[in-house]
Amino acid sequence: MGDLKKVLKSKGYTKVPMVLNGTNHLEVSAKINGITGRFILDTGASNTCVGIDKADYFKLVSKDSKIKAAGAGATDMDTLVSTKNKIVVGGWKKKKQKIVVFDLVHVNEALQAHKSLPVDGIIGADILIKSKAVIDYASGNLFMKKKK
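Reading guide: rules and limits
Residues numbered from 1 in each chain as written. Predicted model: local features only at pLDDT ≥ 70, side-chain atom pairs only at ≥ 80, totals over all residues. Heavy atoms only, no water. Helix = DSSP H or I, 4+ residues; strand = E, 2+ residues; numbered from the N terminus. Buried < 20%, exposed > 50% of the residue type's maximum accessible area, 1.4 Å probe, protein only. Contact = heavy atoms within 4.5 Å. Areas by Shrake-Rupley, 256 points an atom, 1.4 Å probe, with all protein chains shown as cover. Salt bridge = Lys/Arg side-chain N within 4 Å of Asp/Glu carboxyl O.

**Student:** Would you mind going over the overall build of the chain with me for this structure?
**Tutor:** Regarding its fold elements, the chain presents three helices and 11 strands. Moving toward the C terminus, one meets the helices and strands of the chain in the order α-β-β-β-β-β-β-β-β-α-β-α-β-β. Buried residues in the chain amount to 44% of all 148 residues. Here the analysis covers contacts within the chain between residues at least 6 apart in sequence; of these, 60% occur between residues at least 24 apart. Summing over all exposed atoms, the chain offers an accessible surface of approximately 8,500 Å²; the carbon and sulfur share of this is 54%.

**Student:** Is there a simple way to explain the pattern of salt bridges in this structure?
**Tutor:** If charged atoms from side chains of opposite charge come close, those side chains can pair. Applying the stated criterion across every chain yields a total of two salt bridges. Its salt-bridge partner being arginine 38, residue glutamate 27 comes within 2.9 Å of it at the nearest N-O pair. You can see glutamate 27 sitting in strand β3 (residues 26-32) and its partner arginine 38 sitting in strand β4 (residues 35-41), a full 11 residues away along the chain. On the accessibility criterion, glutamate 27 (6% relative accessible area) is buried. As a salt-bridge pair, aspartate 120 and lysine 54 come within 3.4 Å of each other at their nearest N and O atoms. Here aspartate 120 is found in the loop between α2 (105-113) and β9 (121-123), whereas its partner lysine 54 is found in the loop between β5 (49-51) and β6 (62-71), with 66 residues between them in sequence.

Set out below in structure tokens:
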């Protein structure tokens, strides 16, 4: 699998280490508005999200949203939306990133029940698609294409 890393690097990808937690979720470190946090990598989440209890921590300016969140056993949850955020995942950067804000207590309770640390949010398909992400399970790395 060393060839994959070389090929992706030659195509302008940056490597981001992932950690497999106790619930077999992949986690990455990311910065939102210059603040570092822990995020689950979720290809099934349509939007990148931050827990409502972390909105001030990440300096998110939010407004009411019509989006309803669902997942991990919870449905029809009210959300807020924050726009114009800077996000950095490894060497990949995006300005003006929309982030959905909602209550992630149910997610963190499930993680803690399996002896995993709580997370600040979720990196969703919106960012994974924009970055042309490649998940390499064998090496434990996420590769994201840098903008030219």
